[in-house]
Amino acid sequence: MIPVSGCVLTAAQMHDAEIASGISLQKLMDRAGCALAEAVWRFGSGRPALILCGPGNNGGDGYIAARLLAAWGVDVSIAASGFPKTELAVAARAAWDGLVGNLANAQSSPVLVDALFGTGLTRELPAEIAKPLHRLANAAEIVIAADLPSGVGTDDGRDYGAARADITLAFAAAKPAHLLQPAASLCGKVRIAHIGVECVANVSVLARPHLAQPGPTDHKYTRGMVIVVGGTMPGAAALSATAAARSGAGYVVGIGVTGDLPHAIVRRDHDELANTLDDPRVRAVVIGPGLGRSDRAREMVDLAIASPCPLVLDGDALAPNVVNDRPAPTILTPHAGEFTRMFGDGDGSKLDRTRAAADHCGATIIFKGADTVIASPGGRATLCPPASAWLSTAGTGDVLAGIAGAMLARGFAPHDAACAAVWLHSEAARLAGSGMIADDLLTQLPRCL
Ligand SMILES: NC(=O)C1=CN([C@@H]2O[C@H](COP(=O)(O)OP(=O)(O)OC[C@H]3O[C@@H](n4cnc5c(N)ncnc54)[C@H](OP(=O)(O)O)[C@@H]3O)[C@@H](O)[C@H]2O)[C@@H](O)CC1
Ligand SMILES: [K+]
């Protein structure tokens, strides 16, 4: 059992991977049931457990876990929503020699195991299931979900009436629902149980980046020169510039950035932007934080886009059709409002929308939020486990843009740069703790490198 990591598979991809594994479904269900029993043993600390079993293979996992837990001496009972409908679940229920109660009048227990529905859920939970599920979950001390909390959309993270779990044990691989809101919040802590199915996908969970330390031959330019362009709100660009410097850029130039800045950051005027962009040593440009929407601001955005420099576009620089297959590495960092302004409401999940937008504009997109999604043209995407909720404060987006600039400047490809930036940002927030403000991220960033 490991923290959420690795590939992210849709329900259909998971099904294909099960078949491709060449391992019998019976064996896979035995392994899933065993992993579930171990989780209940570990997190439930031997307290009495009630296992809710549904009609499909998710329910089958529940019956198998119940049999093992009973053999290990746990006081375990089962309540089912109906008879099993799959061959495997029928066999798993037949192997359970205890009683099977009715979900509607099940008695609560300190440990509740939710094995009603997993990847096979297709619609809203009916009231006759949702009502007892919520009643029993509210009365339990701990709720452990098998694969997914019953009542979330596996692929889009929609809430179809699920009860909140404290622990969700995902079998074989994470699914989008473990990382997309609102489902992610209903999962509690997500753990993966590897059951021997090899998973390959172009969507994965954000991982700690490999950030090499500077070597003996490095100097300020090899470590990366970043330009940050300021505007009407100088504090925002100051946060970006300082974040770029604190996340390892060798040389940071603030163009039109005024106010409190570390002495290490070089200041130049706005009218030096064009000349500076011609400097072949520039490895990344960050424009947008606190820029404003004046004509002059727009001209500067156009200059930056027309340059051959790797580019991070944030805040005021984000507009519909602002970039279109720009040849140099490009990262856009919209929050939900900016994303909708740029790409419309769109259909599908946040993952689908971000991937479509990345394909549309030919750039890497960090679609920020409580379930940040990073996507690049061609379908590669990364889903991010929830970061500190204290990040929802002014200026944190400016810091992220600056870190992304530093990651491009150190030579990462755009998708890797975006992932590294989001990871550093969330790690700095974790270290900054409760009540943090954007400036605190700057203090913590060096500890994350
Ligand atoms: N990953 C792996 O390698 C392995 C995965 N395994 C496990 O298999 C699980 C997937 O199993 P699954 O495909 O049988 O689907 P599952 O979620 O049990 O439910 C389907 C049933 O629910 C019904 N139904 C759907 N929605 C409903 C609703 N709202 N309200 C009421 N009913 C609803 C649906 O009925 P229908 O839509 O056909 O009317 C059907 O009868 C997976 O999550 C994991 O736990 C392991 O066992 C083996 C290795
Ligand atoms: K479940």
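The chain is annotated in an unreviewed UniProt entry as Bifunctional NAD(P)H-hydrate repair enzyme of Sphingomonas paeninsulae. Under the UniProt heading Subunit (unreviewed entry), the entry covering the chain gives this text: "Homotetramer."

Draft legend 1. Structural context of the coordination of the potassium ion (ligand 2). Around the potassium ion (ligand 2), the protein contributes the donor atoms N58 (OD1), D114 (O), F117 (O), A146 (O), L148 (O) and S150 (OG), which lie 2.5 to 3.1 Å from the metal centre. Taken together, the six donor atoms coordinating the potassium ion (ligand 2) span angles of 66 to 171° at the metal, a pattern that classifies the geometry as irregular. Linear spacing of the donor residues for the potassium ion (ligand 2) on their chain is N-x55-D-x2-F-x28-A-x1-L-x1-S. Taken together, the residues span a long stretch of sequence, with D114 in strand β5 (residues 111–115) and L148 in the loop between β6 (142–146) and β7 (167–171) at a distance of 34 residues. L148 shares its class with D114; the two are buried.

Draft legend 2. Just the site of ligand 1, in detail. In the vicinity of ligand 1, 23 residues are found, and the nearest of them are N58, D61, G118, R123 and D147. Between ligand 1 and E18, the relevant distance is 3.2 Å, taken from a nitrogen atom to a side-chain nitrogen or oxygen of the residue. Within the contact set of ligand 1, an oxygen atom lies 2.5 Å away from a backbone nitrogen or oxygen of G118. When ligand 1 is considered free in solution it has 950 Å² of accessible area, and contact with the protein chains removes 81% of it. At the level of secondary structure, the elements contributing two or more residues to the shell around ligand 1 comprise α1 (11–20), α2 (25–44) and α3 (57–71). Looking at the shell around ligand 1 element by element, the count peaks at three residues for α3. The class makeup of the residues in the shell around ligand 1 is ten nonpolar, seven polar and six charged.

Draft legend 3. Up close: the state of the cysteines. Summed over the entire model, instances satisfying the criterion amount to zero disulfides. Considering cysteine sulfurs only, C34 is the nearest to C53, which forms no disulfide, with 16 Å between them. The thiol of C309 is not disulfide-bonded; the next cysteine sulfur, from C361, is found 19 Å away. When its relative accessible area of 3% is taken as the criterion, C309 is described as buried.

Draft legend 4. Region of interest: the sheet that holds strand β11 (residues 251–255). Read across the sheet, ten strands follow the order β9-β18-β17-β16-β15-β14-β13-β10-β11-β12 without closing on themselves; strand pairing throughout is mixed. Of all the strands in the sheet, just β9 (203–205) and β12 (266–268) have a single pairing partner and so form its edges. Neighbour-to-neighbour, the strand axes of this sheet turn through a mean angle of 20°, independent of strand direction. Here strand β15 (residues 330–332) runs beside strand β16 (residues 364–367); their pairing, made up of two bridges, is parallel. The partner of I331 across the bridge, within β16, is T364. Sitting on the sheet, helix α7 (residues 234–246) touches β10 (225–229), β11 and β13 (282–287), and the angle it makes with β10 is about 170°. Contacts between helix α10 (residues 336–343) and the sheet are confined to β15 and β16, with β16 contributing the most and set at about 135° to the helix.

Draft legend 5. Structural detail: the packing of α2 against helix α4 (residues 87–94). Look at α2 against α4: their axes get within 11 Å of each other, and the N-to-C directions meet at 50°. As the angle between them shows, α2 and α4 are arranged oblique. For α2 against α4, the interelement crossing comes out right-handed. Within the contact between the two elements, α2 uses L25, Q26 and M29 and α4 uses L88, A89 and A92. Partitioning the contact of α2 with α4 into residue classes produces five nonpolar, one polar and no charged.

Cut-offs applied
Residues numbered from 1 in each chain as written. Chains lettered and ligands numbered in written order. Predicted model: local features only at pLDDT ≥ 70, side-chain atom pairs only at ≥ 80, totals over all residues. Heavy atoms only, no water. UniProt positions renumbered as here; feature names shortened; annotations may be inferred. Donors = N, O, S within 2.8 Å, 3.2 Å for Na, K, Ca; no water. Tetrahedral: all angles 85-135°; square planar, octahedral: opposite > 155°, others 65-115°. Helix = DSSP H or I, 4+ residues; strand = E, 2+ residues; numbered from the N terminus. Buried < 20%, exposed > 50% of the residue type's maximum accessible area, 1.4 Å probe, protein only. Near = heavy atom within 4 Å. Polar contact = N/O pair within 3.5 Å; in protein donor to acceptor, adjacent residues only side chain to side chain. Areas by Shrake-Rupley, 256 points an atom, 1.4 Å probe, with all protein chains shown as cover. Nonpolar A, V, L, I, M, F, W, Y, C, P; charged D, E, K, R; others polar. Disulfide = S-S within 2.5 Å. Pairing = 2+ DSSP bridges. Axes fitted to C-alpha atoms, helices over the stretch in contact; angles between N-to-C directions. Contact = heavy atoms within 4.5 Å. Parallel < 35°, antiparallel > 145°, perpendicular 65-115°, else oblique. Left-handed = near helix turned anticlockwise from the far one by under 90°.

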